[in-house]
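# Architecture and fold: a report
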Amino acid sequence: MTDPMIALRRVTKTYGPAAPPAVDGVSLEIAAGEFVALVGGSGSGKTTTLKMINALIRPDSGEVRVGGEAVDTVAPHLLRRRIGYVFQEVGLFPHLSVAENIAITPRLQGQTKAWLDARVNELLDLVGLPRDFAARAPRALSGGQRQRVGVARALAAGPRIMLMDEPFGALDPVTRDALGGEYRRLHDSLSLTTVMVTHDVTEAVLLAGRIVIMREGRVKADGAPAALLAHDDPEVRALIETPRRQAERVRQRLEAAHG
Ligand code: ADP
Ligand code: MG
């Protein structure tokens, strides 16, 4: 049997002596090529879980393995290359151009200027931005364009794994929908393994092959969207049914309005 791409085994993290565990005995195995949505209320431990996968946070106990290796034995710069990370605030460096922001990780690998220029063009094409955006400052971009740059930067070193923390949460719904669909196609064409945190169940159902629902630091449910519709727990069923219920109400209201 091959190793899973990502494995968490009984991982626990508590931030302070008075606090309950932020993540409480979470075990997950994610195979290469999976697209997993991590869903749950605010404070349920989603971000902490994600940051333990790329070792930005160390668990108090339990084990995190990526590509068969324990993450705490992999040098941080190698981990950065293997795992792309995208988050809601994007975090572009304002004083660097779009190209410099995208190339930040491969530049640290010592790639030549010509290689970096070609790679930036390739990545701009990939995320659907015009090549002449390379020279722009981040402030000269819309929120959606900035997030495209964030995705390009995360992909620059050719990672096999992408971790995304509410990547499209700050965008308007039309941009959000477009970027989500485009990212799903990138995931497929680049054969990535993606873990995406979102509190939007519709986004999770539309994009992910598997949904992990977290609550109070624990995994409450884990399965394909259709399987979760038949889950034993009525709360889980209600959550996964929400998009369909809302779509049905929207349809009824629009039809009523047409009289
Ligand atoms: P989510 O991403 O699902 O909103 P988080 O993983 O960010 O959840 O947080 C889980 C819990 O841990 C919350 O109660 C949060 O307040 C707490 N927490 C997260 N980060 C820190 C931190 N750096 N210091 C103290 N408590 C934290
Ligand atoms: Mg979070």
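First, a word on what this report is: a plain description of the structure on this page. Keep in mind that what you see is a predicted model, and the values were worked out from it rather than measured.

Attention now moves to helix α7 (residues 173-189). In this model α7 runs 24 Å from its N-terminal to its C-terminal C-alpha over 17 residues, within 8% of the 24 Å that 1.5 Å per residue would give. Along α7, the residues classified as buried are Arg176, Leu179, Gly180, Gly181, Tyr183, Leu186 and His187. Residues of α7 that are buried in the fold lie against β3 (35-40), α5 (113-126), α6 (143-155), β7 (161-165), β8 (193-197) and α8 (201-207). Positioned one or two residues after α7, Ser191 has a phi angle of 50°, which is positive.

So, on to the site of ligand 1. The environment of ligand 1 is made up of Tyr15, Ala22, Gly41, Ser42, Gly43, Ser44, Gly45, Lys46, Thr47 and Thr48. Gly43 has a polar backbone atom sitting 2.7 Å from an oxygen atom of ligand 1. In the model, an oxygen atom of ligand 1 is placed 2.5 Å from a nitrogen or oxygen of the Thr48 side chain. Notes on ligand 1: free accessible area 560 Å², of which the protein chains cover 53%. Broken down by class, the residue content of the shell around ligand 1 amounts to 2 nonpolar, 7 polar and 1 charged.

With that settled, the discussion passes to helix α1 (residues 46-53). The buried count for α1 comes to 6 of 8 residues, which makes it a mostly enclosed element. Turning to α1, its buried residues number three or more, namely Lys46, Thr48, Thr49, Leu50, Met52 and Ile53. Following α1 by one or two positions, Ala55 has its phi on the positive side, about 65°.

Definitions and cut-offs
- Residues numbered from 1 in each chain as written.
- Chains lettered and ligands numbered in written order.
- Predicted model: local features only at pLDDT ≥ 70, side-chain atom pairs only at ≥ 80, totals over all residues.
- Heavy atoms only, no water.
- Helix = DSSP H or I, 4+ residues; strand = E, 2+ residues; numbered from the N terminus.
- Expected span 1.5 Å × (residues − 1).
- Buried < 20%, exposed > 50% of the residue type's maximum accessible area, 1.4 Å probe, protein only.
- Contact = heavy atoms within 4.5 Å.
- Near = heavy atom within 4 Å.
- Polar contact = N/O pair within 3.5 Å; in protein donor to acceptor, adjacent residues only side chain to side chain.
- Areas by Shrake-Rupley, 256 points an atom, 1.4 Å probe, with all protein chains shown as cover.
- Nonpolar A, V, L, I, M, F, W, Y, C, P; charged D, E, K, R; others polar.

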